[in-house]
Amino acid sequence: MTSKSALLGRVRPVAEQPLLRPGVDRASIGALVRKFYSRVRKDERLGPIFAREIVGDWEPHLEKMTDFWCSVILKSGDYHGRPVPAHLKLGDVTDADFDIWLALFGETASELFTPEITAVFVERAERIATSLRLAIFFHLGPAAVAAGQ
Ligand code: HEM
């Protein structure tokens, strides 16, 4: 017979654990962020979007994105922003742009991390990209946006 706790274990979402691996820390995540965005800025499609949105000093964006990835991967709690509104206001981003973004991200991660660690970064990036795509292209209502999903 199935115990109550086994049943609950099956239906409850399992809390995501921090990825604890040697070499995965704020320094290496910061290096990933910097390498990734230097590539993004050179991309013929994504470069102009970012150049238009981030005028002047890139440092605050790079630090924010390092906080974001430390929160996603290490569960550091450093990031307190809301990604959905930041992307909704871009207006001209297409579904294909997300594929470019994800390809550049995966490529950069694989140059800096082992395949196992890269797979974790890529899986989380894909998951977040899916929610951003849903919000942008399927016009979620204001309640979902307010929840910062
Ligand atoms: C085609 C795809 C994408 C484009 C063109 C794009 C572009 C941008 C731009 C222009 C900003 C605003 C920068 C600023 O003002 O600081 C931004 C912010 C951000 N992006 Fe993206 N992005 C894309 C995909 C993604 C994906 C897939 C993720 C996550 C996996 C992501 C995570 C973030 C985060 C966390 C912020 C900061 C939001 C905030 O707190 O203000 N982006 N993005």
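For the structure given in this document, a descriptive report is provided here. Predicted, not measured: the structure shown is a model, and the values here were computed from it. Throughout this document, residue positions are counted from 1 along each chain, in the order its sequence is written. Only residues with pLDDT of 70 or above have their local features reported here, since the model is predicted, and side-chain atom pairs are shown and tallied only from 80 upward, although totals for entire chains, interfaces and linings are computed over all residues. Values reported for side chains reflect all heavy atoms of the structure, with hydrogen atoms and water molecules removed beforehand.

**Notes on the side chain of Thr 108**
The way it works is that DSSP assigns letters per residue, a run of H or I at least four long becomes a helix, a run of E at least two long becomes a strand, and they are numbered from the N terminus. Turning to its location among the elements, Thr 108 is positioned in helix α6 (residues 95-112). Exposure classes here rest on a 1.4 Å probe applied to the protein chains alone. A residue is buried below 20% of its type maximum, exposed above 50%, and partly exposed in between. The class of Thr 108 is buried, set by a relative accessible area of 0%.

**A word on the packing of aromatic side chains**
By convention, a stacked pair of Phe, Tyr or Trp rings (six-membered ring in the case of Trp) has centres within 6.5 Å and planes under 30 degrees apart, an edge-to-face pair has planes over 60 apart, and any other such pair is tilted. Counted by the stated rule, this structure contains 14 aromatic pairs. Look at Phe 36 and Trp 101: their rings are 4.7 Å apart centre to centre, the planes differ by 70°, and that puts the pair in the edge-to-face class. Of this pair, Phe 36 sits in helix α2 (residues 26-42) while Trp 101 sits in helix α6, and the two are 65 residues apart along the sequence. One exposure class covers both Phe 36 and Trp 101, and it is buried. Site record: aromatic cluster; members linked through ring pairs are Phe 36, Tyr 37, Phe 50, Trp 58, Phe 68, Trp 69, Tyr 79, Trp 101, Phe 105, Phe 113 and Phe 121.

**Let's talk about the packing of α2 against helix α4 (residues 59-74)**
Structural elements are reduced to axes, namely lines fitted to C-alpha atoms, with helices fitted over the stretch in contact, and the angle between N-to-C directions of any two is expressed from 0 to 180 degrees. The N-to-C vectors of α2 and α4 enclose an angle of 130°; their axes lie 9 Å apart at closest approach. Overall, the two elements α2 and α4 adopt an arrangement that is oblique. The interaxial crossing formed by α2 with α4 has right-handed handedness. Along its contact with α2, which presents Arg 26, Ile 29, Gly 30, Val 33, Arg 34 and Tyr 37, the element α4 presents Glu 59, His 61, Leu 62, Glu 63, Met 65, Thr 66, Asp 67, Trp 69, Cys 70, Ile 73 and Leu 74. Considering only residue class, the contact of α2 with α4 consists of nine nonpolar, three polar and five charged. Here the word oblique covers every angle except those under 35 degrees (roughly parallel), over 145 (roughly antiparallel) and from 65 to 115 (roughly perpendicular). By convention the crossing between two helices is left-handed if the near helix lies anticlockwise of the far one by an angle smaller than a right angle, and right-handed if it lies clockwise. We call two residues in contact when some of their heavy atoms are within 4.5 Å. Asp, Glu, Lys and Arg are counted as charged, while Ala, Val, Leu, Ile, Met, Phe, Trp, Tyr, Cys and Pro are counted as nonpolar; the rest, among them Gly, fall into the polar class.

**What about the nonpolar core?**
Among the nonpolar cores identified, the biggest contains 38 residues, and Tyr 37, Phe 50, Trp 69, Ile 73, Trp 101, Phe 105 and Phe 121 are the most heavily contacted of them. Contributions of two or more residues to this core are made by α2, α3 (46-53), α4, α6 and α7 (115-137). A total of eight residues in this core trace back to one element, the largest contributor, which is α7. Here Trp 101 is in contact with Phe 36, Tyr 37, Leu 46, Phe 50, Trp 69 and Ala 125, once residues within four sequence places are set aside. To qualify as a nonpolar core, a set must consist of buried Ala, Val, Leu, Ile, Met, Phe, Trp, Tyr and Cys residues joined through side-chain atoms within 4.5 Å.

**A few points about the site of the ligand**
Around the ligand, 23 residues are found, and the nearest of them are Phe 50, His 61, Lys 64, Tyr 79 and His 87. At 3.2 Å, a side-chain N or O of His 61 approaches an oxygen atom of the ligand. Between the ligand and Tyr 79, the relevant distance is 2.6 Å, taken from an oxygen atom to a side-chain nitrogen or oxygen of the residue. Listing elements by their share of the shell around the ligand, those giving two or more residues are α3, α4, α5 (83-88), α6 and α7. Here the shell around the ligand takes five residues from α4, the largest share from any one element. Per-class residue counts for the shell around the ligand are 16 nonpolar, three polar and four charged. By convention in this text, a residue qualifies as near a molecule or strand provided that one of its non-hydrogen atoms is within 4 Å of it. Counting of polar contacts relies on pairs of N or O atoms within 3.5 Å, with two restrictions inside protein: one atom must be capable of donating a hydrogen and the other of accepting it, and residues adjacent in sequence are counted only when both atoms are side-chain atoms.

**A closer look at the pattern of salt bridges**
Criterion for a salt bridge: a side-chain nitrogen of Lys or Arg within 4 Å of a carboxyl oxygen of Asp or Glu. For the coordinates displayed, the defined rule picks out 18 salt bridges. The closest approach of N and O atoms between Arg 26 and Glu 63, which form a salt bridge, is 3.1 Å. One end of the pair, Arg 26, is in helix α2; the other, Glu 63, is in helix α4, with 37 residues separating them in the sequence. Of the residues examined, Arg 26 reaches a relative accessible area of 33% and is grouped as partly exposed. In this structure Glu 63 comes out as partly exposed when scored by relative accessible area, which is 35%. Arg 127 serves as the salt-bridge partner of Glu 123, at 2.9 Å between the closest nitrogen and oxygen. In this pair, Glu 123 and Arg 127 are both assigned in helix α7, four residues apart and thus about one turn of the helix distant.

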